[in-house]
Amino acid sequence: MARGQPLESRDIDGTPRSACTACSFVHWGNYSVGVGALVAKDGKVLLVRRAQEPGKGYWTNPGGYIEQLEPIDETIRREVFEESGVRASVKSVVALRDQPRSIHNVYIAFAMEYEGGDPTPDGVEVDGAGFFGPEEMERMNVAPFTRWLVDVALRGKSEGLAFDREPNPPMQGGRGFRV
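Please read these numbers as outputs of a predicted model, since none were measured by experiment. (Residues numbered from 1 in each chain as written. Predicted model: local features only at pLDDT ≥ 70, side-chain atom pairs only at ≥ 80, totals over all residues. Heavy atoms only, no water.)

A. Inspection of the nonpolar core at higher detail. In terms of nonpolar packing, the biggest core is built from 16 residues, with Val39, Ile76, Val80, Phe110 and Met112 touching the most fellow members. Secondary-structure elements contributing two or more residues to this core are strand S4 (31–41), helix H1 (72–84), strand S8 (87–99) and strand S9 (104–116). Here Val39 is in contact with Lys44, Val45, Leu46, Val80, Ala88, Met112, Tyr114 and Phe131, once residues within four sequence places are set aside. Counting eight residues, the second-largest nonpolar core is a separate cluster that includes Val45, Trp59, Met140 and Val142. (Core = buried A, V, L, I, M, F, W, Y, C linked by side-chain atoms within 4.5 Å. Buried < 20%, exposed > 50% of the residue type's maximum accessible area, 1.4 Å probe, protein only. Helix = DSSP H or I, 4+ residues; strand = E, 2+ residues; numbered from the N terminus. Contact = heavy atoms within 4.5 Å.)

Structure (structure tokens):
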């Protein structure tokens, strides 16, 4: 295997791609997968106020990016707990945002079951945390995308795609969500 060979631009199925001049490697693009939690309790939704960019000062739903070897359901539970001190479990996938750009972002929103804990900001990524209803949010600096997600959480007309805890046949090395 050749190492350290230059890349060239090749037409791969009608799209210019960077490809190795010495082997079959093709760079397919740059992607990121973000996750967000919609934790509802008593008609209110868990929000956190961002203490860092991007979004500093905005109230958003807790979330973050998946780690390379971390299952997505573990990612969203971890992010909720790290940012707010709240424990929650995955119920379903309820929304998806596709954002094509230099690093193509796909964002998956999860409806989550509140399990416990008082909302407490981590003091690093977020400096505020709490459960808020729609009337309270009208007076808050809630990010526009989060307003859309809150609408999904409180007025969604579908239960979304549920986490398949016992797929049949079993999946090897993956997790699934289904109707």
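Following the structure, the description resumes.
B. Geometry of the pattern of salt bridges. Across all of its chains, the model carries 13 salt bridges by this definition. We note a salt bridge from Asp127 to Arg49, for which the minimum N-O separation is 2.7 Å. With Asp127 in strand S10 (residues 126–132) and Arg49 in strand S5 (residues 44–50), this residue pair connects regions lying 78 residues apart in the sequence. A salt bridge links Arg155 to Asp151, with the shortest nitrogen-to-oxygen separation between them at 2.7 Å. With Arg155 and Asp151 both in helix H3 (residues 144–155), this residue pair falls four residues apart, about one helical turn. (Salt bridge = Lys/Arg side-chain N within 4 Å of Asp/Glu carboxyl O.)

C. Structural view of the sheet that holds strand S3 (residues 26–27). The sheet built from three strands is open, its strands ordered S1-S2-S3 with antiparallel pairing. In this open sheet, the two strands that pair with only one neighbour each are strand S1 (7–12) and S3. For strand S2 (residues 15–20) and S3, the ladder comprises two bridges, and the chain directions are antiparallel. Considered in S3, the bridge of Ala19 is made with Val26. (Pairing = 2+ DSSP bridges.)

D. Local environment of H3. Between its first and last C-alpha atoms H3 spans 16 Å; for 12 residues at 1.5 Å apiece the expected length is 16 Å, and the two agree. All of the buried residues along H3 are Thr146, Leu149, Val150 and Val152. The buried residues of H3 occupy one face: seen down the axis, they fall within an arc of 155°. Structural note: H3 exposes Pro144 and Arg155 on the side pointing more than 90 degrees away from its buried face. (Expected span 1.5 Å × (residues − 1). Arc of directions from axis to C-beta.)

E. How the structure looks around the side chain of Ser84. Here Ser84 is to be found in helix H1. Within the structure, Ser84 has its side chain in polar contact with the backbone oxygen of Val80 (distance 2.7 Å). Ignoring any residue separated from it by four or fewer positions in sequence, one finds Ser84 in contact with Leu46, Val48, Asp118, Pro119, Thr120 and Ala129. (Polar contact = N/O pair within 3.5 Å; in protein donor to acceptor, adjacent residues only side chain to side chain.)

F. Spotlight on the side chain of Asp73. Here Asp73 is to be found in helix H1. One polar contact links Asp73 to Arg175, side chain to side chain, over a distance of 3.0 Å. If we ignore the near neighbours within four places in the chain, the residues touching Asp73 are Val90, Phe163 and Arg175.

G. A look at the environment of Thr21. When you line up the elements, Thr21 lands in the loop between S2 and S3. A relative accessible area of 40% means that Thr21 is categorised as partly exposed. Polar side-chain contacts of Thr21 include one of 3.0 Å to the backbone oxygen of Pro6.

H. Structural detail: the pairing of S1. Inspection of the sheet shows S1 paired to S2 by six bridges, in the antiparallel sense. In the strand pairing of S2, Arg10 is matched with Arg17.

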